[in-house]
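This is what each chain is made of:
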Amino acid sequence: MIKETILIVDDEKEIRDLIGIYLENEGFRVIKACNGLDALKVLETEEVHLIILDIMMPKMDGMKACLKIRESRNMPIIMLSAKSEDMDKILGLTTGADDYLTKPFNPLELIARIKSQIRRYTKLNNSQKVKVDEIIEIDDLIIDTNNHEVKIGNKLVNLTKREFEILELLANNRGMVFSTEKIYESVWQEQFYESDNTVMVHIRKIREKIEENTRKPKYIKTVWGVGYKIEK
């Protein structure tokens, strides 16, 4: 039985072929593209369940492709990069990627991450199918949890999937303080590592989009030394 369709986007044919062999051995259907522009063309005609996206590519790099994909699609995206600096990881995650892997990587680790992302995505979609309409209103902030939309007044705010999930978590538990560890494990559903600043970066990006003054946030409050909360 054919499993989900995986789109591999990398300008190195050897990398595309290597990943493709491992995925096909696991029963996945594989589509390949050599740059971001070709990937966007594939998405116009194919149903894709997860994208493996290299950062450094000609014509359109992975960062720009990720931003473009996130304008209309929410499937998991795993970034690949030959760079290991924290800033590259941060940029990849803030453009809407769900995970990040540095080359050279263990193909078995990539397969494990792919399976984890697909399980999580499938579980999220199934839970949304039975979810009733729900609107959370906090002053001018309006969160439509059923349609995954956020507005400040009448202005639509474009959040990534992760940003929305963090905001929804805090909004559904107003008054409760969440540590970065708790937020990470609740949203990413993976073990938190102490040195990981992914949550902090996402909180900053959310604030930039919903707060009038990020230095004096109205909605997401920092409880120093503890974590973050949205007040009642």
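Reference entry: report on the structure contained in this document. (Residues numbered from 1 in each chain as written. Predicted model: local features only at pLDDT ≥ 70, side-chain atom pairs only at ≥ 80, totals over all residues. Heavy atoms only, no water.)

### Here's the deal with helix H7 (residues 180-187)
Counted only if it meets this: In this scheme, a residue with accessible area under 20% of its type's maximum is buried, one over 50% is exposed, and one in between is partly exposed, where area comes from a 1.4 Å probe on protein chains only. The numbering of helices and of strands both runs from the N terminus, where a helix is a DSSP run of H or I of at least 4 residues and a strand a run of E of at least 2. Think of it as the arc spanned by the lines of direction from the helix axis to the C-beta atoms.
Among all positions of H7, only Ile 183, Tyr 184 and Val 187 are buried. Across the axial projection of H7, the buried residues extend over an arc of 95°, all falling on one side. Positive backbone phi, at 55°, marks Gln 189, one or two positions downstream of H7.

### A short note on the packing of helix H2 (residues 36-45) against helix H3 (residues 62-70)
Condition: Whenever a helix is involved, its axis is fitted only over the stretch in contact; in every case the axis is a line through C-alpha atoms, and angles between N-to-C directions fall within 0 to 180 degrees. Orientation categories follow fixed angle ranges, with anything under 35 degrees roughly parallel, anything over 145 roughly antiparallel, 65 to 115 roughly perpendicular, and all other angles oblique. Here a crossing is called left-handed whenever its near helix is offset anticlockwise from the far helix by less than a right angle, and right-handed whenever the offset is clockwise. Contacts are assigned to residue pairs that have any heavy atoms within 4.5 Å of one another. Put simply, Ala, Val, Leu, Ile, Met, Phe, Trp, Tyr, Cys and Pro go in the nonpolar bin, Asp, Glu, Lys and Arg in the charged bin, and everything else, Gly too, in the polar bin.
H3 packs onto H2 with a crossing angle of 20° between their chain directions and a minimal axis gap of 9 Å. Here H3 runs roughly parallel to H2, going by the angle between their axes. Seen from above, H2 lies across H3 with right-handed handedness. When H2 is examined against H3, the residues Gly 36, Leu 40 and Leu 43 are found in contact with a partner set consisting of Ala 65, Lys 68 and Ile 69. A breakdown of the residues in the contact of H2 with H3 according to their chemical character gives four nonpolar, one polar and one charged.

### As for the environment of Lys 151
Along the chain, the position of Lys 151 falls in strand E8 (residues 149-152). Lys 151 gets classed as partly exposed once you look at its relative accessible area, which sits at 33%.

### Some words on unusual backbone geometry
Residues Lys 103 and Pro 104 are joined by a peptide bond in cis, for which omega reads -5°. Relative to the assigned elements, Pro 104 resides in the loop between strand E5 (99-102) and helix H5 (107-129). Despite not being glycine, Asp 139 shows a phi value in the positive range, around 55°. When you line up the elements, Asp 139 lands in the loop between strand E6 (135-138) and strand E7 (141-144).

### So, H2
Let me state the cut-off plainly: Pairs of N or O atoms within 3.5 Å make up the polar contacts considered here, provided that, within protein, one atom can donate a hydrogen while the other can accept it, and that residues adjacent in sequence are counted only when both atoms are side-chain atoms.
Considered for burial, the residues of H2 that qualify are Gly 36, Ala 39, Leu 40, Val 42 and Leu 43. Taken around the axis of H2, the buried residues stretch over an arc of 160°, which confines them to a single face. Residues Lys 41, Glu 44 and Thr 45 are exposed on H2 and point more than 90 degrees away from its buried face. On its buried side, H2 packs onto strand E1 (5-9), strand E2 (29-33), strand E3 (50-54) and H3. With a side-chain oxygen positioned 3.0 Å from the backbone nitrogen of Leu 37, the residue opening H2 is Asn 35.

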